[in-house]
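Geometric and topological summary
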Amino acid sequence: MDLVRGFWSKHRRKILVTTSCLGSGYLLYKLYNVHTRKLADLERELANERENDNIIKTQMKAHFENIQMIADTTTLPHAMHHLSSRIVEEIDVSSIMDKLSKGRGILIPSEKLQLWNELKILSFTRMVLSLWSVTMLSLYIRVQVNILGRHLYIDTARGLGSSHLLEELDLIDRDDEQKFLTSADFLGTNGMPSLISNMQSAVKEVLKGKQLKDVLTTRVLQETVIRILDVFMSTGRPHHWVDYLMMSQDTTTTDVSSSDATVTKFHQLITETREVLTSNDFTNVAEISLKSCAVALVEEMEKQTGLATGLQLAKLIPQIEKTMPEISAEPDKNRFLQLIRDLPEVQLFFTLLYANMPQ
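If you're wondering where the values come from, they're calculated on a predicted model, not measured in any experiment.

**A word on the overall build of the protein**
Scanning the protein for helices and strands turns up 14 helices and 2 strands. Counting all 359 residues of the protein, 43% fall into the buried class. Long-range pairs, those at least 24 residues apart, make up 81% of the contacts in the protein with a sequence separation of at least 6. Put simply, the protein shows about 20,000 Å² of open surface, and 55% of that area lies on carbon and sulfur atoms.

**Considering the nonpolar core**
Counting 90 residues, the largest nonpolar core has Met127, Trp132 and Trp241 as the members making the most contacts within it. Sort the elements by how many residues they give to this core and helix H3 (residues 109-158) lands first, with 19 residues.

**Quick word on unusual backbone geometry**
The backbone of His239 shows a phi angle near 60°, a positive value even though the residue is not glycine. Along the polypeptide, His239 turns up in the loop between helix H7 (218-234) and helix H8 (242-245).

**Points about the packing of aromatic side chains**
Tallied over the full model, the rule gives 6 aromatic pairs. Ring geometry for Trp132 and Tyr244: centres 6.3 Å apart, planes at 80°, overall edge-to-face. Of this pair, Trp132 sits in helix H3 while Tyr244 sits in helix H8, and the two are 112 residues apart along the sequence. Each member of the pair, Trp132 as well as Tyr244, is classed as buried. Between Phe232 and Tyr244, the aromatic rings sit 5.8 Å apart at their centres with planes inclined by 25°, giving stacked as the arrangement. Here Phe232 is found in helix H7, whereas its partner Tyr244 is found in helix H8, with 12 residues between them in sequence.

**Observations regarding the side chain of Thr135**
Mapping Thr135 onto the fold places it in helix H3. Thr135 gets classed as buried once you look at its relative accessible area, which sits at 1%.

**With respect to the pattern of salt bridges**
Under the definition given, this model contains 8 salt bridges. Between Arg219 and Glu223 there is a salt bridge, with its nearest N and O atoms 2.8 Å apart. Of the two residues, Arg219 and Glu223 are both situated in helix H7; the distance of 4 residues between them amounts to about one turn of the helix. Ionic pairing is found between Arg237 and Asp243, a salt bridge with its closest N-O pair at 2.1 Å. Put simply, Arg86, Glu89 and Glu90 are held in one network by salt bridges that share partners.

**Observations concerning the confidence of the model for the protein**
Taken residue by residue, the protein gives an average pLDDT of 81. The fraction at 70 or more is 73%. Here helix H4 (residues 166-169) is the element of the protein with the lowest mean pLDDT, 47, and H7 is the one with the highest, 96.

**Digging into the packing of helix H11 (residues 280-304) against helix H12 (residues 313-327)**
Interhelical geometry of H11 versus H12 gives an angle of 120° and a closest axis separation of 10 Å. Taken together, the axes of H11 and H12 lie oblique to each other. Every pair of crossing elements has a handedness; the one defined by H11 and H12 is right-handed. Residues Leu297, Glu300, Met301 and Gln304 of H11 form the contact with H12, whose own contacting residues are Leu316, Gln319, Ile320, Thr323, Glu326 and Ile327. For the contact of H11 with H12, the residue count by class is 5 nonpolar, 3 polar and 2 charged.

**So, the packing of H11 against helix H13 (residues 335-342)**
Interaxial distance between H11 and H13 falls to 10 Å at its minimum, and their mutual angle equals 140°. Of the possible angle classes, the one that applies to H11 and H13 is oblique. The handedness of the crossing between H11 and H13 is right-handed. Contact with H11, carried on its side by Ser289, Ser292, Cys293, Ala296, Leu297 and Glu300, involves Arg335, Phe336, Leu339 and Ile340 of H13 and no other residues of that element. Its residues assigned to classes, the contact of H11 with H13 comprises 6 nonpolar, 2 polar and 2 charged.

The rules we used
Residues numbered from 1 in each chain as written. Predicted model: local features only at pLDDT ≥ 70, side-chain atom pairs only at ≥ 80, totals over all residues. Heavy atoms only, no water. Helix = DSSP H or I, 4+ residues; strand = E, 2+ residues; numbered from the N terminus. Buried < 20%, exposed > 50% of the residue type's maximum accessible area, 1.4 Å probe, protein only. Contact = heavy atoms within 4.5 Å. Areas by Shrake-Rupley, 256 points an atom, 1.4 Å probe, with all protein chains shown as cover. Core = buried A, V, L, I, M, F, W, Y, C linked by side-chain atoms within 4.5 Å. Phe/Tyr/Trp six-rings, centres within 6.5 Å; stacked < 30°, edge-to-face > 60°. Salt bridge = Lys/Arg side-chain N within 4 Å of Asp/Glu carboxyl O. pLDDT = per-residue confidence, 0-100. Axes fitted to C-alpha atoms, helices over the stretch in contact; angles between N-to-C directions. Parallel < 35°, antiparallel > 145°, perpendicular 65-115°, else oblique. Left-handed = near helix turned anticlockwise from the far one by under 90°. Nonpolar A, V, L, I, M, F, W, Y, C, P; charged D, E, K, R; others polar.

Shown next, in the form of structure tokens:
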């Protein structure tokens, strides 16, 4: 016992230090072990989040591309066909041309002149209105697709923590989505009468100083078409032309029932669409698209006529009628729609629109 006490007395300091070091070492080991497990858990959690994020992005891309395909293969072709049919029905130039053809040698000069002037106004109205409608309709439908894509991204991101597939999330009610896409028919169904009236007023204002015997060159015709578009777009209250493309804000609000989630969602989509269409950025893109299509249309007419060296307005009118099928051609064969899609300003606008997610 004395030996133990002596050993303790002699080596107490060393024993205490050694014991303290061993205890501290064990504590540090335990802390390190806990920290390592936490890091491993965090890395697994981050890996799972990255995997979920990749799955979400893949599913979002697939669903968005499906919406894009529906718009390109179903919505736009249907809307284009409906639109062209309505324009032919509402702006009938064939009856005047028949009167002129059958009235040769019968009509007095004043009657003949009146019919030619009517034909001049109707032909230009039909041409410019068709160009405007096709351009704006294609842009409108692309806005729809991008807004649907934005909602898809937000709803999918909210479900990031779940293991549900995109289809199970039911991001946007299918009936609601279909109702929103088919609203593209509004232009051909509801907006056409007032559109024709106001476009015709713009045509009359621009053409009032031009006689049937006047000679038009490529440059003059381009300036004339662009001038008609400018007068039409700038006449009336700002963004008045939006009401030709979609139902008014008052009508949408009146139709909304606070207890109907589907209608409320549709109202939200329509409201966002109107906000985009009334933005300065969209107006700029629309004006660039319209001018580009107007230039392309006149250049195409130049290839088929003697427009480069000058053509009398009376002789130009029949050539205008020949351009109508090309303006209203099916989307996959329509060079104007392709021109719009390829414009850098249009591509940038829709890239930013889709990337600018609302919070």
